[in-house]
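Fold and geometry: a report
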Amino acid sequence: MNKRLYPRTELILPLTLTCKEAEIVGETQDISINGLFARVDKELKLNSSVGISIQAGDDPAEIIECCGKVVRRADYGVGIRIETMELQSYIKWRYIVTQARPYMDEIEPEIPTFVVQ
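Owing to the predicted nature of the structure, the values given are computational and were not obtained by experimental measurement.

Examining the side chain of Thr 98
Positionally, Thr 98 belongs in helix 1 (residues 87-100). Looking at Thr 98, its side chain comes within polar contact range of the main-chain oxygen of Tyr 95, at 3.0 Å.

Overview of the side chain of Asp 30
Mapping Asp 30 onto the fold places it in strand 3 (residues 23-32). Here Asp 30 falls in the buried class, since its relative accessible area comes to 13%. With near-sequence residues (within four places) excluded, Asp 30 lies in contact with Arg 8, Thr 9, Glu 10, Leu 11, Leu 36 and Phe 37.

Remarks on the packing of aromatic side chains
Centre-to-centre distance and the angle between the planes together describe a pair of aromatic rings. With the rule as written, the count across this model stands at two aromatic pairs. On the basis of an interplanar angle of 45 degrees and a centroid distance of 5.3 Å, the ring pair of Phe 37 and Tyr 76 is categorised as tilted. Residue Phe 37 is found in strand 4 (residues 35-39), and its partner Tyr 76 is found in the loop between strand 6 (63-74) and strand 7 (77-86); the two are separated by 39 residues along the sequence. For Tyr 76, a relative accessible area of 37% puts it in the partly exposed group.

A closer look at the state of the cysteines
All told, the structure shown has zero disulfides when counted by the stated rule. Here Cys 67 stays free of any disulfide, with the sulfur of Cys 66 as its closest cysteine sulfur at 6.9 Å. In this structure Cys 67 comes out as partly exposed when scored by relative accessible area, which is 39%.

So, the pattern of salt bridges
Taken as a whole and judged by the stated rule, the model has two salt bridges. The partner of Glu 43 in a salt bridge is Arg 73, and the shortest N-O contact between them spans 3.4 Å. Here Arg 73 lies in strand 6 and Glu 43 lies in the loop between strand 4 and strand 5 (49-55), a separation of 30 residues in the sequence. On the accessibility criterion, Glu 43 (68% relative accessible area) is exposed. Looking at Arg 73, the relative accessible area reads 44%, which means it is partly exposed. With its nearest N and O atoms 3.2 Å apart, the salt bridge here joins Glu 83 to Arg 81.

Conventions and cut-offs
- Residues numbered from 1 in each chain as written.
- Predicted model: local features only at pLDDT ≥ 70, side-chain atom pairs only at ≥ 80, totals over all residues.
- Heavy atoms only, no water.
- Helix = DSSP H or I, 4+ residues; strand = E, 2+ residues; numbered from the N terminus.
- Polar contact = N/O pair within 3.5 Å; in protein donor to acceptor, adjacent residues only side chain to side chain.
- Buried < 20%, exposed > 50% of the residue type's maximum accessible area, 1.4 Å probe, protein only.
- Contact = heavy atoms within 4.5 Å.
- Phe/Tyr/Trp six-rings, centres within 6.5 Å; stacked < 30°, edge-to-face > 60°.
- Disulfide = S-S within 2.5 Å.
- Salt bridge = Lys/Arg side-chain N within 4 Å of Asp/Glu carboxyl O.

The following block contains the structure:
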């Protein structure tokens, strides 16, 4: 059964996950407005909290920062649900998701509850 509220689309972006154990460098495999799958080579515990820094473009200053929870594990990475994101990061994130997604009308126009204003 698919529990996702929003469809995911393939998009590779560099990212860094920060947790108690370490700072882990990887990349997204797919993204949605409220989550992502991260390809990483270290194991993270299910339900663990992570800080997420995503390189959003060619400019090193284009970083999207948010916090999430590991909701799925696989041999090659983890599924993460976004739990908090600042409004400025959300504006960038929404733009990236809508550009990568051919069906922009599937994304709700309201600001999700995880966005901190």
